[in-house]
Amino acid sequence: QVQLVESGGGSVQPGGSLGLSCSGRIGSIYALGWYRQAPGKRREFVALITNDKGITYADSVKGRFTISRDNAKNTVFLQMNNLKPEDTAVYYCNAASVVSTTGRIGVWGQGTQVTVSS
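All values reported here derive from a predicted model rather than from experimental measurement.

Calculation rules
Residues numbered from 1 in each chain as written. Predicted model: local features only at pLDDT ≥ 70, side-chain atom pairs only at ≥ 80, totals over all residues. Heavy atoms only, no water. Phe/Tyr/Trp six-rings, centres within 6.5 Å; stacked < 30°, edge-to-face > 60°. Helix = DSSP H or I, 4+ residues; strand = E, 2+ residues; numbered from the N terminus. Buried < 20%, exposed > 50% of the residue type's maximum accessible area, 1.4 Å probe, protein only. Lys NZ or Arg CZ within 6 Å of the ring centre and 35° of its normal. Pairing = 2+ DSSP bridges.

Enquirer: Which residues make up the packing of aromatic side chains, and what values go with them?
Expert: The full count for this structure, using the stated rule, is 3 aromatic pairs. On the numbers, 5.0 Å between centres and 70 degrees between planes, the contact of Y35 with W108 is edge-to-face. Highlighted residues: Y35 in strand 4 (residues 31-37) and W108 in strand 10 (residues 107-108), separated in sequence by 73 residues. When its relative accessible area of 2% is taken as the criterion, Y35 is described as buried. A ring pair is formed by Y92 and W108, whose centres lie 6.4 Å apart and whose planes are at 90 degrees; its orientation type is edge-to-face. Of this pair, Y92 sits in strand 9 (residues 89-96) while W108 sits in strand 10; the two residues are 16 residues apart in sequence, bridging distant segments of the chain. Residue classification places Y92 among the buried residues on the basis of a relative accessible area of 15%. In textbook terms, an aromatic cluster arises when at least three aromatic residues are bridged by ring pairs, as seen for Y35, F45, Y92 and W108. Directly above the ring of Y92 sits R43, whose terminal nitrogen or CZ lies 4.7 Å from the centroid. One Lys or Arg, R43, reaches over the ring of W108 and ends 3.8 Å from the middle of that ring.

And the structure:
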């Protein structure tokens, strides 16, 4: 089974930027996505990229977050700009063979904490 490892989380002030990475044997996997879970809330979809570079974003992050993938390096990235306190959450990487934004399928990483606070 594919194992995913996220990195790059941390703390930042509102308006700041962070970049997340997720690595594993994922270069050939069709759909790679990012989800997040804030305290007391359900896990929610953030962004997804397919092997043919189809990209989908949640409305809450459009224009601020950018997802990309490097299949040769088996890595998917999430660049987060203009971060807001409401972006504070544990961010999870997901790999699945089909496109889905429900979070009900695929393999998950262990998560990385992102905290946006002044």
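Enquirer: Kindly report on the pairing of strand 3 (residues 18-23), identifying the contributing residues and their values.
Expert: Residues in a regular strand project their side chains so that they alternate between the two faces of the sheet. Along strand 3, the buried face is formed by L18, L20 and C22; none of G19, S21 and S23, which line the opposite face, is buried. In terms of strand pairing, strand 3 meets strand 8 (residues 75-80) through 6 bridges, oriented antiparallel. Directly across from L18, in strand 8, lies its bridge partner M80.

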